[in-house]
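# Inside the fold
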Amino acid sequence: RIVVVGSVNMDLVTRVRRRPEPGETVAGEGFALVPGGKGANQAIAARRAGAEAEFVGAVGDDVFAAELRRVLSDSGVGTEQLRTVAGPSGVAAIVVDGGGENTIIVVGGANAAMTELTPADLDAIAAADTLMCQLEIPVSTVLAAARHARAHDTTVLLNPSPVRELPPELWAEIDVAVVNEGEAAHLGTVLKAVPHVITTLGAAGANYRGADGETRSHPGVPVEVVDTTGAGDTFTGALAAHWHEGPETALSWACTAGALATTKLGASASIPTREAIEQALV
Ligand code: ADP
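Report on the accompanying structure. Note that residues are indexed from 1 along each chain, following the sequence as it is written. Where totals are concerned, whole chains, interfaces and linings use all residues; where local detail is concerned, this predicted model gives features only for residues with pLDDT of at least 70, and gives and counts side-chain atom pairs only at 80 or more. Values shown for side chains rest on all heavy atoms present in the structure; no hydrogens or waters enter the calculation.

### A word on the pattern of salt bridges
For this document, the term salt bridge refers to a Lys or Arg side-chain nitrogen within 4 Å of an Asp or Glu carboxyl oxygen. Summed over all chains, the structure comprises 11 salt bridges. Residue Glu248 pairs with Arg216 through a salt bridge whose shortest N-O separation is 2.5 Å. With Glu248 in helix 8 (residues 247-261) and Arg216 in strand 13 (residues 215-218), this residue pair connects regions lying 32 residues apart in the sequence. Accessibility here uses a 1.4 Å probe with only protein chains present; expressed as a share of the type maximum, an area under 20% marks a residue as buried, one over 50% as exposed, and anything in between as partly exposed. Judged by relative accessible area, Glu248 falls into the partly exposed class, the value being 49%. Each of the salt bridges in this network shares a partner with another, and the network as a whole consists of Glu67, Arg70 and Asp74. Secondary structure elements follow DSSP: runs of H or I no shorter than four residues count as helices, runs of E no shorter than two count as strands, and numbering proceeds from the N terminus.

### Some remarks on the sheet that holds strand 2 (residues 9-15)
Pairing is mixed across the open sheet formed by 4 strands, whose spatial order is 3-2-6-7. This sheet does not close on itself; its edge strands, each paired only once, are strand 3 (30-36) and strand 7 (102-107). Neighbour to neighbour, the strand axes of the sheet diverge by 15° on average, direction disregarded. Note on definitions: a residue-residue contact is assigned when non-hydrogen atoms from the two residues lie within 4.5 Å. Every axis in this analysis is a line fitted to C-alpha atoms, fitted for helices over the stretch in contact. Angles between the N-to-C directions lie between 0 and 180 degrees. Against the sheet, helix 2 (residues 64-74) engages strand 2, strand 3 and strand 6 (90-96), with an angle of about 105° to strand 2. Two strands make a pair as long as DSSP finds a minimum of two bridges between them.

### Quick look at helix 1 (residues 38-48)
Of all 11 residues that make up helix 1, 8 are buried, and the element is covered over most of its length. Along helix 1, the residues classified as buried are Gly39, Ala40, Asn41, Gln42, Ala43, Ile44, Ala45 and Ala46. In this fold, the buried residues of helix 1 make contact with strand 1 (2-5), strand 3, strand 4 (53-59), helix 2, strand 8 (130-133) and helix 7 (231-242). Once helix 1 ends, the next one or two residues include Gly50, with phi positive near 120°.

### Section: the site of the ligand
Any residue with a heavy atom lying within 4 Å of a molecule or strand is counted as near it. Taken together, 16 residues sit near the ligand, with Asn180, Thr200, Gly202, Gly205 and Val225 positioned nearest. Whenever two N or O atoms come within 3.5 Å, that pair is a polar contact, provided that in protein one can donate a hydrogen and the other can accept it, and provided that, for residues adjacent in sequence, both atoms are side-chain atoms. For the ligand, an oxygen atom lies 3.0 Å from a polar atom in the side chain of Asn180. At a separation of 2.8 Å, an oxygen atom of the ligand approaches a polar backbone atom of Gly202. Exposure was quantified through the Shrake-Rupley algorithm and a 1.4 Å probe, taking into account, for residues, occlusion by the shown protein chains and nothing else. Within the complex, the protein chains bury 78% of what would otherwise be the 550 Å² of accessible surface of the ligand. Every element with two or more residues in the shell around the ligand is listed here: helix 7 and helix 8. Class assignment for the residues of the shell around the ligand results in 9 nonpolar, 7 polar and no charged. Polar here means any residue outside two lists: the nonpolar Ala, Val, Leu, Ile, Met, Phe, Trp, Tyr, Cys and Pro, and the charged Asp, Glu, Lys and Arg; Gly therefore counts as polar.

Function cannot be read off these values alone, since they describe shape.
In structure tokens, the structure reads:
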């Protein structure tokens, strides 16, 4: 069982031929509301890859809250610890221009209000096999969750994204880090202290480095790429779901799931099921 302590957002995706200049209005080409947030995406990915998953997080008291809640529970992710707080839900305002270039503004909203863990949250963490976190909620909450997990033999997996400077005492609580190449370069030597580090390499797959110096790599799974949004979250969720089977097996599930996620448009909608991953496993 995996507990995710993390973010859930509504992505507001607008498509435009050309971005407006300051003060200018332009006609958009399309619009979609897409549930996302790294925490929610990774919880759904872990569930679809075959694990039981529970989400600890917050939505606001706005019109997006019910839909965010529904997407998680319809995916089979436990939402007992999902609370409602006053104010807006987390949102990401995304503009995709004619060249396929994205600009994104994330407003933390209810995710920024995730400053406390309840006794029931802590019980869920203690009872889980794995705690999975990202950095779209306050770092102090990630640290509290990680400390409690470690004290109860729950494996702590961190995807340090969006990447930033973290307190050294947080790194001391991490068992497994999942980073892309940009995050690996930014974090540099602090990753050396983490027992298990997985680095994703886009179309080239991923590699693994263990505390004992053991290394593994898995090649990219060739696919027809449509949209890479959500590939990293899908990879991380699938890796967590299969971590107990050892790094080699976990890497192959994760690389396959991540590749399949690029073959469909959107983040949460493109996350493959266990059956689809199993069929494509190499
Ligand atoms: P992020 O999206 O977080 O920057 P990556 O680009 O490294 O991370 O992608 C994460 C994982 O998704 C990769 O390790 C790989 O398994 C899969 N993936 C991403 N892009 C492709 C691609 N073009 N072809 C096949 N697999 C891909």
